[in-house]
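Report on the structure
Listed below, chain by chain, are the residues.
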2 protein chains.
Amino acid sequence: MPSYTAPTKDLQFVLHDLLNVSQSDIPGYSDLEADFTSAVLEEAGKITSEVLAPLNVVGDKEGCSLDNGVVRVPTGFQEAFDQVREGGWTGLDMPEEFGGQGLPYVMGTAVGEMFSASNQAFTMYQGLTHGAASAILAHGTDQQKETYLPNMISCEWTGTMNLTEPHCGTDLGLMRTKAEPQDDGSFKISGQKIFISAGEHEMASNIIHLVLAKIPGGPEGIKGVSLFIVPKFIVNEDGSLGARNGVSCGNLEEKMGIHGNSTCVMNYDEATGYLLGTEHKGMRAMFTMMNEARLGVGMQGMAQAEAAYQNALIYAKDRLQGRDVTGVKNPDGPADPLIVHPDIRRNLMDQKSFVEGGRAFLLWGAMMIDKAHRNGDKDADGLISLLTPVIKGFLTDEGYDMTVQAQQVYGGHGYIEEWGMSQFTRDARIAMIYEGANGVQALDLVGRKLAQDGGKHVMAFFDLVKSFLKENAENEALKADFMEPLKAASKDLQAAGMFFMQNGMKNPNAALSGSYDFMHLFGHVCLGLVWAQMAKAAQEALDGGASDKAFYETKLATGRYYMARRLPATAMHLARINTGADTVMALDAEQF
Amino acid sequence: MPSYTAPTKDLQFVLHDLLNVSQSDIPGYSDLEADFTSAVLEEAGKITSEVLAPLNVVGDKEGCSLDNGVVRVPTGFQEAFDQVREGGWTGLDMPEEFGGQGLPYVMGTAVGEMFSASNQAFTMYQGLTHGAASAILAHGTDQQKETYLPNMISCEWTGTMNLTEPHCGTDLGLMRTKAEPQDDGSFKISGQKIFISAGEHEMASNIIHLVLAKIPGGPEGIKGVSLFIVPKFIVNEDGSLGARNGVSCGNLEEKMGIHGNSTCVMNYDEATGYLLGTEHKGMRAMFTMMNEARLGVGMQGMAQAEAAYQNALIYAKDRLQGRDVTGVKNPDGPADPLIVHPDIRRNLMDQKSFVEGGRAFLLWGAMMIDKAHRNGDKDADGLISLLTPVIKGFLTDEGYDMTVQAQQVYGGHGYIEEWGMSQFTRDARIAMIYEGANGVQALDLVGRKLAQDGGKHVMAFFDLVKSFLKENAENEALKADFMEPLKAASKDLQAAGMFFMQNGMKNPNAALSGSYDFMHLFGHVCLGLVWAQMAKAAQEALDGGASDKAFYETKLATGRYYMARRLPATAMHLARINTGADTVMALDAEQF
């Protein structure tokens, strides 16, 4: 059975050596001293590695079942959920006034990685609740906040997000679910929603569904969509639970992975709902959650890669097969461990350099969200909006590929469910799809974010890279291995942006045909940037006589790998982008 | 439920327009007139699309079960197997003297693609039998051939290959299964084998296991391994079935995919076995099958991509979501079909250009095998030996990626088992692992095949590309779109070979660290080559006034996509290779 060890040390490195969180002026960050964050991460490490990780395979094997409208979760999930609730983990970065711990989002993300890595399907129950609670926090009335938030933040009640319908996923303007206004100001919600994660279960005493629906007579399409709170049990004025609402789980989907999470078809049959936010502005309300939600999914991609990598590494050190071509390494054994072989190294280094780079990218992104929310920093908000599709699309695509590579280390055993490597792959697969399929992320990036506010944010990103390169131009220790590759990669990114500017206006397809490549090109540049920054931090620690020399030297070596071996992908993506739409759109649909 | 349509027309194009099979001097090829191959392919198309494809999901859902030593296959498999046997499909390319149809291997491969694409798990029962029969054909005594081949070629009896043991997969020198010589010339085989595809079932009246084992007292390691025939039921001298042999299925593996195939733990308990070939030369006997077997697995990768692509295309034309940014395409509908969107096109064109290129590469490879076997052509044998790891590794990696892309077209529905797209991905995954994991293919390519016969075969490959480029240097219609990209890509391949030559002797790790990239670089050059050749054939057909203009124009457009969008990967692989072992091997094992 796979194991999971929380990467506490590496998280501490990113928080303190790289991001210097406790020195930041973001409200709440001064509390994030190394001792404090270490204590939080250690505790999170315990519950995730000892309680959640062992349940990961159980959840995969048992899955959820539907019995007369009642959804049963896998063995042990209820007890674990109780422990997570009791530990206060569900409200870590939620406001103290509603029972949360009030920590910054960056800490929620650091801890969230461990939860996702140890058990993605389980963690989604609280993850969806977090998303729904955030929406109520941002758009609810005072009364709605008081009614729902304390119980949602403690996960006494869980939450869901209901967007998709059978005939519409990305294109929500096609939505059919209706919300009929009632005399008392409430609405009657009717329709069917699909792919509702954690849609029904008995782990919580109530479930608060956030449902997108159309109020008859409103604007056509996406502009006539409103957001509603639809509780499974109506909440009485005194806070007690009342009647069962007209919402039920019609079916459980059989999925490729995340079996431990109940993915429901939800039927709304004149269910009582309460408008959240403004009429017809439901999409806007959803979109304010988008950056966080998408960063969270990017995190899942990275987290599954981390978990898979840990187990691939254990196997590579343990499994004896073949001999080192440069000389026997394990003379007392019948063969050398897999890790002596260069191609196994390549495989492991791909994973290691991605995971550590991805972690830094994510936490940097989370810090930007804190800056935007806690400091009201519009530039940070613009930059994280730009980078969100990159975080989501690039980290989930690459994260998935890394789980496939980790599985490959196991040879035939990687294909056998008993060894658990297949689950990482199957679970990671969903992250490329939900919360906006990655093709939609690429469209968002190129079609919307690049030009946002007159292209201000992408220019800010380039300035950031340029300043960093300039500041470190004389750093001989890092020049050849880090600064030059970063410079080359960011030039590729600029050239791609230039191609879009010159061709996209005449022919939008010329830009959109390169959108997916651009997302990956951008992702590599971001990882190149954080790797160069981490290298600088590691070099400074070594120069300053850090006691843990091996850690920092390993960090530098891992970074060098990324810069030398992964970053050359940017030129390939640029070459593809530069071919425009010609070959992509050459065929008529009928010619396929 | 997914559907499958046999790509008869495209197969005919490759066989006749590209490979000109009926004009070849290879014995048996003159029979391969277009009408004849068309008739065979049409018939194969019927049974695969009508009988096997509908059973694909059944097999995935039901899987196999073990009940008191008896393995049950999924519903409908027995009836379908009977139909396949009755149709004579199992011996298509087997010698007529043992009941086969005597057709060239190239036809076996063309038909085999359809079988694999429509139902990989099912097709493996006959596929393994084919492999085992080929081994007996090549290494058996006359009596062994007479005893086993007719029933194996008709699939009255099926066959298996038993190599892997729990502690050894790639490194078969660690093998523990023993073969004790008996007075009558037979052996008693004892030990455990794992991952035995089609190891036990009741679809055939006997199962002929080919088992690698060590005769005590023989040479150490891989040099002391012999190959044995171990029938499930002993075959009496009159050909009737005798006593049950000491071989049994101890367990069925739960796998990520190919659920319809029974993957068995096989226990040999003093089972009677008969030496096949020479004592201690078992590996050599296995290796003579290797090119075919690995080409067959490369075919599976391409075939799953084909099946997945067909369904992605149907969905992309059918599903209405969003509007074409350049103008509404479906004004009468609520939205335009997915296929209008550039990123969906990119996705589909990746798949289409890979599948068609991969098909051409495979059939060209199969023709080389025929040349080697039927013409005794040593050069062809050398070239296909060189290309075999490329076919296996590149086509299964890329094939898998394409099934993932096809799944992505479906959005959330791609993750739901009901839609069947997950199965293509899960089934395709095994092809990257079995018959030598792809890292081992890369090692074989760089560590062994490149330098084989003094590098003669890789030089022959380069000569082939060069001659083709030279012959077509003045072809203005193809120059910019095909010849120049091919030239650039083959230069990258040569440069990589040069790097290995200059650095590999001093430090084998410098070459082996780039082996995986080299395999992919080589694969792209091969697909670039066959695409340029197909473009030439298509252009000639158009110039010659072919009636099916649309087909040839589509072919050219698809080829242009590959050259423009996929081939630039070669420069990235070269850049990685050129970094040698420095960053790959920088860390000690303990530093990970």
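Residues numbered from 1 in each chain as written. Chains lettered and ligands numbered in written order. Predicted model: local features only at pLDDT ≥ 70, side-chain atom pairs only at ≥ 80, totals over all residues. Heavy atoms only, no water.

Chain A is annotated in an unreviewed UniProt entry as 3-methylmercaptopropionyl-CoA dehydrogenase from Thalassovita autumnalis. Per UniProt, chain A carries the Cofactor (unreviewed entry) text "FAD". Per UniProt, the comment on chain A under Sequence similarities (unreviewed entry) is "Belongs to the acyl-CoA dehydrogenase family." (UniProt positions renumbered as here; feature names shortened; annotations may be inferred.)

The subject of this paragraph is the nonpolar core. Core analysis: the largest hydrophobic core is formed by 153 residues, its most contacted members being Leu348, Phe361, Phe461, Phe518 and Phe522 of chain B. Sorting elements by how many residues they give to this core places helix H15 (residues 515-543) of chain B first, with 17 residues. When residues no more than four places from it in sequence are discounted, the contact partners of Phe522 of chain B are Leu386, Leu387, Val390, Leu445, Phe461 and Leu493 of chain B. Membership of the second largest hydrophobic core comes to 152 residues, among which are Val458, Phe468, Phe482 and Ile577 of chain A. (Core = buried A, V, L, I, M, F, W, Y, C linked by side-chain atoms within 4.5 Å. Buried < 20%, exposed > 50% of the residue type's maximum accessible area, 1.4 Å probe, protein only. Helix = DSSP H or I, 4+ residues; strand = E, 2+ residues; numbered from the N terminus. Contact = heavy atoms within 4.5 Å.)

Those places that UniProt annotates as "domain: Acyl-CoA oxidase/dehydrogenase middle" (unreviewed entry) correspond, in this numbering, to residues 161-269 of chain A. For residues 161-269 of chain A, helix accounts for 0% and strand for 49%, while the C-alpha atoms at its two ends are 17 Å apart.

Take the interface of chain B and chain A next. Counting residues at the interface gives 94 residues for chain B, matched by 94 residues for chain A. Between chain B and chain A the total buried area reaches about 7,600 Å² when both faces are included, carbon and sulfur atoms providing 61% of it. Looking at the side of chain B facing chain A, the largest losses of area belong to Tyr415, Arg565 and Phe592 of chain B, adding up to 13% of the total buried there. Scanning the region where chain B abuts chain A turns up two salt bridges. Among the salt bridges present, the one from Arg565 of chain A reaches Asp517 of chain B, with a minimum N-O distance of 3.7 Å. Summed over the shared surface of chain B and chain A, the number is 43 residue pairs in polar contact (both at pLDDT 80 or more). No other element matches the nine residues that helix H16 (residues 549-566) of chain B contributes to the side of chain B that touches chain A. (Buried area = accessible area lost by both parts, 1.4 Å probe. Salt bridge = Lys/Arg side-chain N within 4 Å of Asp/Glu carboxyl O. Polar contact = N/O pair within 3.5 Å; in protein donor to acceptor, adjacent residues only side chain to side chain.)

Many authors give the size of an interface as the accessible area that is lost as the parts come together. Residue and element names in this part refer to chain A. Split into domains, chain A comes out as domain 1 (285-435) and domain 2 (446-586). Each of domain 1 and domain 2 has a C-alpha centre, and these two points are 19 Å apart. At the junction of the two partners, domain 1 supplies 26 residues and domain 2 supplies 27 residues. When domain 1 packs against domain 2, the two sides together hide about 2,300 Å² of surface, and 71% of this comes from carbon and sulfur. Its largest share of buried area at the contact with domain 2, domain 1 owes to Trp364, Leu386 and Phe394, together 25% of the area lost on that side. The partner of Arg566 in a salt bridge is Glu398, and the shortest N-O contact between them spans 2.9 Å. (Domains from an automatic or database assignment.)

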